[in-house]
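An overview of the molecular structure
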Amino acid sequence: MDGVENSRGSRVAFSARDIAQVAVFAALIAAMGLPGAITVGFSGVPITVQTLGVILAGAVLGERKGTAAVVVFLALTMIGLPLLSGGRTGLTAMAGPSAGYLVGWVPAALVIGLLTARILPKYPLVLGLLINALGGILVIYLFGTIGLLLRTDLDFRHAVTTNFAFIPGDLAKVVVASVVAKGVHRAYPGLIRA
């Protein structure tokens, strides 16, 4: 038996190949934390390369496997592994101003994966850029802003404007992820199953 029945009767299957891809992308997100982090502004939220891994997970693996890779990564940080940039664990990050951004990684990968499946097999670059910006910037910033409001004493305006420091780097991550995803889907069509 290669799958499990869910409550609606449809199959939710993860093959050995799927599990390997999830593990590789969880490791990729972890490796992207090695360069460290740069904290800018007054919010205490660092700029990291790990968001690129989250965008790539959704754009390359799709909603199911991409989201699973992000969940596996976050679960590893929550059990105490120092895989977040700067050697932080999930427990310490969830207690600080970064909490909302980290929580936002899961719906970001989900949204990117769902929408990417709709533009395959061609993966038009402009649509890929828009999808990755929607999930990798807007969704994460939404959750990040909510987290800042809950974890800091920032008012709404300052919580929103805190995100402005991240925009240039995140736009670059969106471009890189889109170009990489286009190349991967051209080389390996069918990587995301409908």
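A few points on the structure. (Residues numbered from 1 in each chain as written. Predicted model: local features only at pLDDT ≥ 70, side-chain atom pairs only at ≥ 80, totals over all residues. Heavy atoms only, no water.)

A few words on a nonpolar patch on the surface. On the surface, a cluster of nonpolar side chains totalling about 370 Å² of accessible area is made up of Leu-110, Leu-114, Leu-115, Leu-134 and Leu-138. Of all the secondary-structure elements, those providing two or more residues to the nonpolar patch are α4 (99-119) and α5 (125-151). Among the elements that line the nonpolar patch, the one with the most residues is α4, at three residues. With respect to the helices, strands and loops of the structure, Leu-114 is situated in helix α4. On the basis of relative accessible area, Leu-114 is assigned to the partly exposed category, the value being 31%. (Patch = residues over 30% accessible without salt bridge, like charges linked within 9 Å, V, L, I, M, F, W, Y side chains within 5 Å. Areas by Shrake-Rupley, 256 points an atom, 1.4 Å probe, with all protein chains shown as cover. Salt bridge = Lys/Arg side-chain N within 4 Å of Asp/Glu carboxyl O. Helix = DSSP H or I, 4+ residues; strand = E, 2+ residues; numbered from the N terminus. Buried < 20%, exposed > 50% of the residue type's maximum accessible area, 1.4 Å probe, protein only.)

This part covers the pattern of salt bridges. For the structure on display, the rule yields three salt bridges. Between Lys-65 and Asp-18 there is a salt bridge, with the nearest N and O atoms lying 3.6 Å from each other. Separated by 47 residues along the polypeptide, Lys-65 in helix α2 (residues 50-78) and Asp-18 in helix α1 (residues 16-31) bring together distant segments of the chain. Accessibility classification places Lys-65 together with Asp-18 in one group, the buried group. Put simply, Lys-173 and Asp-170 hold a salt bridge, and the shortest N to O gap is 3.0 Å. Of this pair, Lys-173 and Asp-170 are both found in helix α7 (residues 167-187), three residues apart, which corresponds to roughly one turn of the helix. Under the relative-accessibility criterion, Lys-173 is labelled buried at 10%. On the basis of relative accessibility, which here comes to 7%, the residue Asp-170 falls in the buried class. Where salt bridges share partners, they join Asp-18, Arg-64 and Lys-65 into one cluster.

Function cannot be inferred from these measures alone, as they are strictly geometric.
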